[in-house]
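Structural overview for review
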Amino acid sequence: IVYALEQDGILLREPGIASGGARVAVIYDALAGHILADAMLAKMGRSEMAAWLKETASLALLVGPYPDRHPLGSDTFRALAGLMPRRVYGQQLWPLLDEAARNDALLLAANLESTYLNAETVNALRTLVIHPPVGSHDLLDRLQHTRGSSVHPLNADFLDSVLRPLTVSDRDLRWTEWIRRYHKEALDDLHRMEKRWHHLEKRSHEDKLRARWTMWHLTSTVRVLRDQTTRSLYYFGRGDAAALFELTLDSLTINDPYVFERMLAASYGVTMAHQLPDAEFAGALASYLI
């Protein structure tokens, strides 16, 4: 394996001090940090690691200012956030740190697979969605990737549970402003949604999650974005009117009436598209009208 990695330029073999010996150097810092973190976890148990992280000098090696920080400190810190839940009986890195480093570790935990995200971590991430740390990457970028996963705790249902209790002003300052900042990318994404739902006949649970994520774009202050959101949801409903009707009724509890009005418009469009007798649609519409 070492030879193969050397041939691919990932490892570098150097002459050793002893005659006939050799040293192997890691070319990429991320891999070197992973190896260091793996060695640390193999040497120290949970209690030892927790005690080591409480020491000021130890933490400075990972996240402290230069020149106190180790050259591979950031890479090792990132690797610890990913390896600890796997090696130390589900123990997350972030609860073991003080407030200054905790948010950085918590944001890294958001990149874990769903298997390693416990309820405590998911609840802690709610705060970072609303109040992102200054200078850190935005957690909403990560949520966009996990929005359609039915098994991931950070899917569109998670975003819905975070945004729904907020006041309109608080939501505008966070979510709506994020959409405004990236409205061109969001518009491209909504076009892709429309194309997908236009050509697919069936709707999966993942599609329903994407539709819920799409619905929240109706809070946008960008008119063209709201129009495209309505159009994309219309095509979602063309494949599953009952799912769109259910989402529309669910939007009644959102404190921004404009969301329900647009959802109602999409539902009306789907209804007008069914002029011919359709028993399945008639059943969905009857439940919706009740």
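Above: the structure in question.
As the structure is a prediction and not an experimental result, all values here were calculated from the model.

About the criteria used
- Residues numbered from 1 in each chain as written.
- Predicted model: local features only at pLDDT ≥ 70, side-chain atom pairs only at ≥ 80, totals over all residues.
- Heavy atoms only, no water.
- Core = buried A, V, L, I, M, F, W, Y, C linked by side-chain atoms within 4.5 Å.
- Buried < 20%, exposed > 50% of the residue type's maximum accessible area, 1.4 Å probe, protein only.
- Contact = heavy atoms within 4.5 Å.
- Helix = DSSP H or I, 4+ residues; strand = E, 2+ residues; numbered from the N terminus.
- Phe/Tyr/Trp six-rings, centres within 6.5 Å; stacked < 30°, edge-to-face > 60°.
- Lys NZ or Arg CZ within 6 Å of the ring centre and 35° of its normal.
- Polar contact = N/O pair within 3.5 Å; in protein donor to acceptor, adjacent residues only side chain to side chain.
- Salt bridge = Lys/Arg side-chain N within 4 Å of Asp/Glu carboxyl O.
- Lys, Arg positive; Asp, Glu negative; His and termini not counted.
- Patch = residues over 30% accessible without salt bridge, like charges linked within 9 Å, V, L, I, M, F, W, Y side chains within 5 Å.
- Areas by Shrake-Rupley, 256 points an atom, 1.4 Å probe, with all protein chains shown as cover.
- Axes fitted to C-alpha atoms, helices over the stretch in contact; angles between N-to-C directions.
- Left-handed = near helix turned anticlockwise from the far one by under 90°.
- Nonpolar A, V, L, I, M, F, W, Y, C, P; charged D, E, K, R; others polar.

Attention shifts here to the nonpolar core. By size, the foremost hydrophobic cluster in this structure holds 78 residues, and its most contacted members are Leu93 and Trp175. Setting aside residues no more than four positions away along its own chain, Leu93 makes contact with Leu53, Phe77, Leu80, Ala81, Met84 and Ala105.

A few words on the environment of Lys184. Along the chain, the position of Lys184 falls in helix H11 (residues 183–199). Expressed as a C-alpha distance, the spacing of Lys184 and Glu113, which sit 71 residues apart in the sequence, is 29 Å.

Summed over the entire model, instances satisfying the criterion amount to seven aromatic pairs. Each ring, one from Tyr234 and one from Tyr235, has its centre 5.0 Å from the other, and the planes form 75 degrees; the classification is edge-to-face. The ring of Tyr66 has Arg69 lying over it, and the distance from NZ or CZ to the ring centre is 4.8 Å.

Structurally, the position occupied by Leu154 is in the loop between helix H8 (139–146) and helix H9 (156–163). By relative accessible area, which is 0% here, Leu154 ends up buried. For the pair Leu154 and His199, spaced 45 residues apart in the sequence, the C-alpha separation amounts to 27 Å.

Bringing the side chain of Thr219 into the picture now. Looking at where Thr219 falls in the secondary structure, it is placed in the loop between helix H12 (205–215) and helix H13 (223–239). In terms of polar contacts, Thr219 uses its side chain to reach the side chain of Thr176, at 3.3 Å.

This part is about the pattern of salt bridges. Applying the stated criterion across every chain yields a total of 18 salt bridges. Residue Asp160 pairs with Arg164 through a salt bridge whose shortest N-O separation is 2.9 Å. For the residue pair Asp160 and Arg164, the accessibility class agrees, reading buried in each case. Note that Glu177 and Arg180 form a salt bridge whose closest N and O atoms lie 2.5 Å from each other. One end of the pair is Glu177 and the other is Arg180, both in helix H10 (residues 168–181) and three residues apart, which spans about a single turn. It is possible to trace a salt-bridge network through shared partners that takes in Asp157, Asp160, Arg164, Arg212 and Asp250.

Structurally, the position occupied by Asp256 is in the loop between helix H14 (241–250) and helix H15 (257–272). One buried charge, Asp256, has no salt-bridge partner; the nearest side chain with opposite charge is Arg171, at 4.9 Å. Ignoring anything within four residues of it in the chain, the contact list for Asp256 reads Val168, Arg171 and Thr219.

Among the surface-exposed residues, Leu12, Ile27 and Tyr28 lie close enough to one another that they form a single nonpolar patch of about 290 Å² accessible area. By the element assignment, Ile27 lies in the loop between strand S2 (22–26) and helix H2 (29–43).

Look at H15 against helix H16 (residues 279–289): their axes get within 12 Å of each other, and the N-to-C directions meet at 150 degrees. Seen from above, H15 lies across H16 with left-handed handedness. Mapping the contact onto sequence places Leu264, Ser267, Val270 and Thr271 in H15 and Phe281, Leu285 and Tyr288 in H16. Considered class by class, the residues forming the contact of H15 with H16 number five nonpolar, two polar and no charged.

So yeah, pure geometry; function would need other evidence.
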